[in-house]
Amino acid sequence: MPKKIYINGQFLAEADAKISVFDHGLLYGDGVFEGLRIYGGKVFRLEEHVDRLFESAKAIWLELPLSREEICEAINQTVAANELHDGYVRAIVTRGVGTLGLDPRRCSDPQLILIADKIALYPDEYYQNGLEIITVSVIRNHPAALSARIKSLNYLNNILAKIEGIQGGCIEALMLNHKGEVAECTGDNLFLVKEGKVTTPPLDAGILAGVTRAAVLELAEKLGLSATEQVLTKHDIYVADECFLTGTAAEVIPVVQLDSRMIGDGKPGPVTRQLTEAFHQMVRE
Ligand code: PXG
């Protein structure tokens, strides 16, 4: 079945879904995006993702071509057109076709692209045994530069961090902020558990406001666990009982080592398992 890709209101076959080489999304990473999951034919937390897309766009002075409702509708139509039961949606908004110059006033209308596809998940062994991660030298974006709150098309900073992680033998990598505090991983938010209490860095540590992060904070509260946002250092992770990451692609995934140091007893912990199960139940509902 050929993929149906949405570009500005039209569904196109993959071979015909093309964007100009003068698009500022390509030339400068000038645009924003979202990654969403489809579970049982439905998009998980669609409104939250679309709200974040609007916030990202507003933060870069980009006016979206459709309303929130229209974008939700277009995403649902893209999922339906591709007959996906479980999968992934990438929503992309670029500044549009411009010239070889930075001036955004030279750009045409923003381009909205929606791609729905199957998703490549992390191998099951990582969920069973937990991830080993390292702290990389690349820091998360300084808030006075490109804010980490913006899910922009310019992910080079995180890609550099990911490369450093991969070269160190790790599929995810911990990024600190400019103050040396724990920020997040390259495509996942970080949580830890100490004495039964769940904590995660606050948004002003310079992180993306993860949709999965918010869902897990809600679940922790529902389960009667103490869950708070706190400034964290690497030391807090080294001495934590448990650590896990959250993200649209990863869902909830345990971390058992940071910088070759064992976290807790080096195995995925009970609170991580409890939250993982609660998350799976939530996405099934
Ligand atoms: N931090 C960063 C920097 C991210 O890019 C998250 C945290 C988790 O946020 P959500 O809202 O997904 O819980 C992300 C999200 C990919 C991919 O293709 C990456 C993300 C989402 C979907 C796909 O690698 N990152």
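See the structure printed just above.
All of the points below concern the structure found in this document. Keep in mind it's a predicted model, so treat the numbers as computed, not measured.

## Some remarks on the pattern of salt bridges
Pairing is possible between side chains that carry opposite charge, provided their charged atoms lie close to one another. Taken as a whole and judged by the stated rule, the model has 12 salt bridges. Close ionic contact of E34 with R52 constitutes a salt bridge, the shortest N to O distance being 2.8 Å. Within this pair, whereas E34 is found in strand 3 (residues 31-39), its partner R52 is found in helix 2 (residues 46-59), the two being separated by 18 residues in sequence. Across the pair, exposure class does not vary: E34 and R52 are buried alike. The shortest N-O distance in the salt bridge between R37 and E251 comes to 3.2 Å. Of this pair, R37 sits in strand 3 while E251 sits in strand 14 (residues 251-258), and the two are 214 residues apart along the sequence. The exposure classification of R37 matches that of E251, with both residues buried.

## Digging into the side chain of T200
With respect to the helices and strands, T200 occurs in strand 11 (residues 197-200). Assessed through its relative accessible area of 1%, T200 is described here as buried. With sequence-adjacent residues up to four places away left out, T200 is seen in contact with L190, F191, R213, L217, T228, E229, Q230 and L232.

## Details of the pairing of strand 2 (residues 10-13)
For strand 1 (residues 4-7) and strand 2, the ladder comprises 4 bridges, and the chain directions are antiparallel. Following the sheet pairing, I5 is matched in strand 2 by L12. Taking the residues between adjacent antiparallel strands as the criterion, strand 1 and strand 2 are bridged by 2 residues, where N8 takes a positive phi near 45°.

## Brief notes about the layout of surface pockets
The gaps of empty space that remain are located by a probe, the size of a water molecule, rolled over the atoms. Computed from the structure, the largest pocket encloses a volume of approximately 730 Å³. As for the largest pocket, its lining consists of 33 residues, and the residues nearest its centre are Y88, K151, G187, D188 and A249. Contributions of two or more residues to the lining of the largest pocket are made by strand 3, helix 2, strand 5 (87-94), helix 5 (156-167), strand 9 (182-185), helix 6 (211-222) and strand 13 (242-247). Classifying every residue of the lining of the largest pocket gives 13 nonpolar, 11 polar and 9 charged. Of the domains in this structure, domain 1 (4-117) and domain 2 (124-284) are the two that each give at least three residues to the lining of the largest pocket.

## Observations concerning the site of the ligand
Close to the ligand lie 19 residues; Y155, E184, V211, T212 and T248 are nearest. T212 places a polar side-chain atom, nitrogen or oxygen, 2.6 Å from an oxygen atom of the ligand. A distance of 2.4 Å is found between an oxygen atom of the ligand and a side-chain nitrogen or oxygen belonging to T248. Relative to its free-state accessible area of 540 Å², the ligand is covered by the protein chains to the extent of 84%. Placement of the ligand is best described as lying within the largest pocket. Of all elements in the fold, only strand 5, helix 6 and strand 13 reach the threshold of two or more residues within the shell around the ligand. Looking at the shell around the ligand, its residues break down into 4 nonpolar, 9 polar and 6 charged.

Parameters and conventions
Residues numbered from 1 in each chain as written. Predicted model: local features only at pLDDT ≥ 70, side-chain atom pairs only at ≥ 80, totals over all residues. Heavy atoms only, no water. Salt bridge = Lys/Arg side-chain N within 4 Å of Asp/Glu carboxyl O. Helix = DSSP H or I, 4+ residues; strand = E, 2+ residues; numbered from the N terminus. Buried < 20%, exposed > 50% of the residue type's maximum accessible area, 1.4 Å probe, protein only. Contact = heavy atoms within 4.5 Å. Pairing = 2+ DSSP bridges. 1 Å grid on protein atoms, 1.4 Å probe; cavity = no way out; pocket = protein on both sides within 12 Å on 5 of 7 lines; lining within 4 Å. Points joined across faces, edges and corners; volume = space filled by probe spheres on them. Nonpolar A, V, L, I, M, F, W, Y, C, P; charged D, E, K, R; others polar. Domains from an automatic or database assignment. Near = heavy atom within 4 Å. Polar contact = N/O pair within 3.5 Å; in protein donor to acceptor, adjacent residues only side chain to side chain. Areas by Shrake-Rupley, 256 points an atom, 1.4 Å probe, with all protein chains shown as cover. Sits in = over half its atoms within 2 Å of the grid points.

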